[in-house]
Amino acid sequence: MNKILVGLIFGLGLGALDGATALFYPETRPLIVGILIGSSFKGMLVGVVSGWFARKVQSTGWGIAVGSVLGLLFAFFVAFMDAKSGKPHYLEIMLPGFVVGAIVGFLTQRMGSPSPVNTLRN
Amino acid sequence: MEVSDSVIDHLRRVVPLPDLAGTRYQLESEIGRGGLGVVYAARDRDLDRRVALKILEVPVEGEAQVIARLEHPAIVPIYETGTLIDGRSFYAMKLVTGARLDHYVHSEHKLGERLRIIRRVGEALAYAHSKAVIHRDLKPQNVMVGEFGEVYVMDWGVETVAGTPGFRAPESTLDQQSDIYSLGALLQFLVPPAMSAAVAAIAAKASHTDPGQRYGSVTALLGDIDRFEQGLAIEAWSEPIWHRLQRFASRNAVLLWLLAAYTAVKFFLFFWHRF
């Protein structure tokens, strides 16, 4: 399977799961649909870029690093928009986003087939 | 006439040595002695290099030809065959400097290094089997580990050799299955059961007394060693559940750490939010 597709699937899935943890907080339950969609979309973007990176560079360490930085970056945008509409939740959004990004980065390195050019080179 | 002690000592040293007159070799020292002959270190005067010279005490038909057919990095190459003036046959081969496996094993070596040696020996055996040659006498004394880690399997396929107790298969007719038995015994010798239960299971399967219960080929045995090294399940052992979990955890350690980190973050945020 293509690494970009692997990133997209895991990013979407893990993003949705991460968003679903908002159900543990009574004050965010009414907003769960919006959180789920936003979190899945954020995860999907992290996954696609991590998958693209994994096709270019085959290194578990770099995959985790890039995934976590992307996760942190996208989570910051979400937290920034959230802060404009009310109480800021930077830590609650960015910290899990960082770890989910690392997991997605790791999975794109370990799963999926590398690009044909890299296969030949290796 | 009186003969001085130094002359007697010299004669004692020289008399058993073979006369290499008429050859291009100059004798240096004895390296080893076996049932079929003696191996000496010698210098090839023409090419100015050191070689190992095996002088056969008993006529052995085609030993050198058997080895010369085997061109493999882990098989010592034959340079030349010939006959000495006293009628004994000899052949010159690459002189391997290093340690015999029975000496090498006493040094501190990790499991991976020990398995690397077995893999190299196994590759040489698999290659020889593909050329319809069997070793017949695989044992630690016939494996050399060079100073740069290169591995050589020596003393190949002589019909008159009947194997060495402890490494010889119990069946009366030696064939490829008997070599697999010897390789299993060698694995057991190199990797004690206390070092790894899974490797002990591989060795036990390879050196099963019933040839039908052994691996079908050397390649199948090496495949199980590869699977063990990759953290996969092996053919030789139906492992206990705790061992399977341990193997899963060690194969997926990074992922498990990341999932644990995520769970820890979520717990932290949950309680931080509440209190």
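Residues numbered from 1 in each chain as written. Chains lettered and ligands numbered in written order. Predicted model: local features only at pLDDT ≥ 70, side-chain atom pairs only at ≥ 80, totals over all residues.

### Digging into the overall build of chain B
Then comes step 1: Along its length, chain B carries nine helices and eight strands.
Then comes step 2: Here chain B, with 275 residues, has 31% of them falling under the buried criterion.
Then comes step 3: Intrachain contacts of chain B at a sequence separation of at least 6 include 56% that bridge at least 24 residues. (Helix = DSSP H or I, 4+ residues; strand = E, 2+ residues; numbered from the N terminus. Buried ≥ 20, exposed ≤ 12 C-beta atoms within 10 Å, placed from the backbone. Contact = placed C-beta atoms within 7 Å.)

### Quick notes on the overall build of chain A
Then comes step 1: Along the backbone of chain A there are five helices and zero strands.
Then comes step 2: Element order for chain A, N to C, with α for helix and β for strand: α-α-α-α-α.
Then comes step 3: Its C-alpha atoms give chain A a radius of gyration of 15 Å, within 12% of the compact-globule value 14 Å for 122 residues.
Then comes step 4: Within chain A, buried positions represent 43% of all 122 residues.
Then comes step 5: Residue pairs in contact within chain A that sit at least 24 positions apart in sequence constitute 74% of those at least 6 positions apart. (Rg over C-alpha atoms; globule rule 2.2 N^0.38 Å.)

### A closer look at the sheet that holds strand 4 (residues 78-83) of chain B
To summarise the sheet geometry, strands pair through backbone hydrogen bonds and adopt either a parallel or an antiparallel arrangement.
All names here are of chain B.
Then comes step 1: Spatial strand order, 1-2-3-5-4: five strands in an open sheet with antiparallel pairing. Each of the sheet's edge strands pairs with one partner strand only, and the pair in question is strand 1 (25-33) and strand 4. Put simply, the sheet's adjacent strands are angled 25° from each other on average, direction ignored.
Then comes step 2: Bridge analysis of strand 4 against strand 5 (residues 89-94) gives five bridges, and the strand direction is antiparallel. In the sheet register, glutamate 80 faces strand 5, and the bridge partner there is alanine 92. (Pairing = 2+ DSSP bridges. Axes fitted to C-alpha atoms, helices over the stretch in contact; angles between N-to-C directions.)

### Observations concerning helix 3 (residues 60-84) of chain A
Count 3.6 residues to each turn of an α-helix, and residues three or four apart come out pointing the same way.
Then comes step 1: Between its first and last C-alpha atoms helix 3 of chain A spans 36 Å; for 25 residues at 1.5 Å apiece the expected length is 36 Å, and the two agree.
Then comes step 2: Within helix 3 of chain A the residues assigned to the buried category are Gly63, Ile64, Val66, Gly67, Ser68, Leu70, Gly71, Phe74 and Ala75 of chain A. (Expected span 1.5 Å × (residues − 1).)

### Structural notes on the environment of alanine 132 of chain B
Then comes step 1: Summarising the element assignment, alanine 132 of chain B is placed in the loop between helix 4 (111-130) and strand 7 (143-146).
Then comes step 2: Separated by 44 residues in the primary sequence, alanine 132 of chain B and glutamine 176 of chain B place their C-alpha atoms 8.7 Å from one another.

### A look at the environment of aspartate 82 of chain A
Residues and elements named next belong to chain A.
Then comes step 1: Locating aspartate 82 in the fold gives a position in helix 3.
Then comes step 2: Judged by C-beta crowding, with 18 C-beta atoms within 10 Å, aspartate 82 ranks as partly exposed.
Then comes step 3: A sequence separation of 40 residues divides aspartate 82 from lysine 42, and the C-alpha atoms of the two residues are 14 Å apart.
Then comes step 4: Among all residues touching aspartate 82, those that are not within four sequence positions of it are His89 and Ile93.

### Notes on the nonpolar core
Then comes step 1: In this structure, Val121, Leu183, Leu187 and Ile202 of chain B are the most contacted members of the largest nonpolar core, which totals 59 residues.
Then comes step 2: Both of domain 1 (5-94) and domain 2 (98-239) of chain B provide at least three residues apiece to this core. (Core = buried A, V, L, I, M, F, W, Y, C linked by C-beta atoms within 7 Å. Domains from an automatic or database assignment.)

### Considering the domain arrangement of chain B
Residues and elements named next belong to chain B.
Then comes step 1: Segmentation of chain B into domains returns domain 1 (5-94) and domain 2 (98-239).
Then comes step 2: Taken over C-alpha atoms, the centre of domain 1 sits 28 Å from the centre of domain 2.
Then comes step 3: In this complex, domain 1 contributes eleven residues to the contact, which on the side of domain 2 involves 16 residues.
Then comes step 4: For the side of domain 1 that touches domain 2, a count of residues per class yields eight nonpolar, one polar and two charged. (Nonpolar A, V, L, I, M, F, W, Y, C, P; charged D, E, K, R; others polar.)

### Remarks on the sheet that holds strand 7 of chain B
Residues and elements named next belong to chain B.
Then comes step 1: Across the sheet, three strands lie side by side as 6-7-8; this open sheet has antiparallel pairing. Two strands in the sheet have a free side with no partner beyond their single neighbour: strand 6 (98-100) and strand 8 (151-153). Strand-to-strand twist across the sheet, computed as the mean angle between neighbouring axes with direction ignored, equals 25°.
Then comes step 2: Here strand 7 runs beside strand 8; their pairing, made up of three bridges, is antiparallel. From the neighbouring strand, methionine 144 faces strand 8, where its bridge partner is tyrosine 152.
Then comes step 3: Packing against the sheet, helix 4 makes contact with strand 7 and strand 8, and its axis sits at approximately 40° to strand 8.

### Observations regarding the confidence of the model for chain B
Then comes step 1: Chain-level pLDDT for chain B is 87 on average; 91% of the residues reach the 70-or-more range.
Then comes step 2: The ipTM for the predicted assembly is 0.88, set against a pTM of 0.70. (pLDDT = per-residue confidence, 0-100.)

### Remarks on unusual backbone geometry
All names here are of chain B.
Then comes step 1: Despite not being glycine, aspartate 48 has its phi angle at roughly 50°, a positive value.
Then comes step 2: As for its position among the elements, aspartate 48 is in the loop between strand 2 (37-44) and strand 3 (49-56).
Then comes step 3: By C-beta crowding, aspartate 48 is classed as exposed, having 7 other C-beta atoms within 10 Å.
Then comes step 4: At aspartate 155, a residue that is not glycine, the phi angle is positive and equals roughly 55°.
Then comes step 5: Take aspartate 155: it is sitting in the loop between strand 8 and helix 5 (176-190).
Then comes step 6: Given 23 C-beta atoms within 10 Å, aspartate 155 falls into the buried group.

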